[in-house]
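What follows is each chain in one-letter form.
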Amino acid sequence: KSISLNSNRLDDLESAIQFANALSEHTFLDSLSLRHCNFGEVDWITFSAIISACSRVKFLDLRNIGLGSDGATVMAQFLESNPPSLETLNLSHNQFNDWDANVIAQALPSNTHLDILYMTNNPMLEIGKKALLNAIFNTTSLNATTDSNHTCELIFDHHPHTV
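Residues numbered from 1 in each chain as written. Predicted model: local features only at pLDDT ≥ 70, side-chain atom pairs only at ≥ 80, totals over all residues. Heavy atoms only, no water.

Participant: I tried to follow unusual backbone geometry on my own but got confused; where do I start?
Facilitator: Outside of glycine, negative phi angles account for most residues, and trans bonds account for most peptide bonds. Here asparagine 82, not a glycine, exhibits a phi torsion of approximately 55°, which is positive. Checked against the element boundaries, asparagine 82 lands in the loop between α3 (68-80) and β4 (88-90). Unlike most non-glycine residues, histidine 93 shows phi in positive territory, near 55°. You can see histidine 93 is positioned in the loop between β4 and α4 (98-107). The class of histidine 93 is partly exposed, set by a relative accessible area of 33%. (Helix = DSSP H or I, 4+ residues; strand = E, 2+ residues; numbered from the N terminus. Buried < 20%, exposed > 50% of the residue type's maximum accessible area, 1.4 Å probe, protein only.)

Structural data, given as structure tokens:
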């Protein structure tokens, strides 16, 4: 089952909480698209509850929702929790910079289920991309290589980076 709520508004706290509760009760959701949604004045704790409720979703599309640095922290916590069903996560167009990429990269080694991470059109430079790539395949030492997440494909600017 799929739900597409593209370009909708979840910009008040009550609606966001109700949405998080509905998501957590829905056990058969394969795909959720929230691209271009407006979360307005929803605080990061509530947004985190919405994202945490997506732990059984296989495909999560969060393109262009203005996550920025605070959202990168929420997404890193979500990825670090290693949601068992999440296979594809689209974080394109979210104004992630190099620092944000590093925060997300630190969470990737503990995630063993994510197959594809889209990061297209984020204003990160090579240092941010390298941090993400090193999280997937770090060759600085043998221990670092074994600790890397070898299962995830990163996509920047429509070019996949796999190991």
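Participant: Explanation requested: the state of the cysteines in the structure shown.
Facilitator: What makes a disulfide is a covalent bond joining the sulfur atoms belonging to two cysteines. Tallying each qualifying case throughout the model produces zero disulfides. Unpaired in this structure, cysteine 54 has its nearest cysteine sulfur neighbour in cysteine 37, at a distance of 11 Å. On the basis of relative accessibility, which here comes to 0%, the residue cysteine 54 falls in the buried class. (Disulfide = S-S within 2.5 Å.)

Participant: Explain the packing of aromatic side chains here, please?
Facilitator: Aromatic ring pairs: the centre-centre distance and the angle between the two ring planes describe each pair. Under the definition given, this model contains two aromatic pairs. Arranged with centres 5.1 Å apart and planes meeting at 80°, the rings of phenylalanine 39 and phenylalanine 47 form a pair that is edge-to-face. The interplanar angle of 85° and the centroid separation of 5.5 Å between the aromatic rings of tryptophan 44 and phenylalanine 47 together place this pair among those described as edge-to-face. Taken together, the positions of tryptophan 44 and phenylalanine 47, both in helix α2 (residues 44-52) and three residues apart, correspond to about one turn of that helix. (Phe/Tyr/Trp six-rings, centres within 6.5 Å; stacked < 30°, edge-to-face > 60°.)

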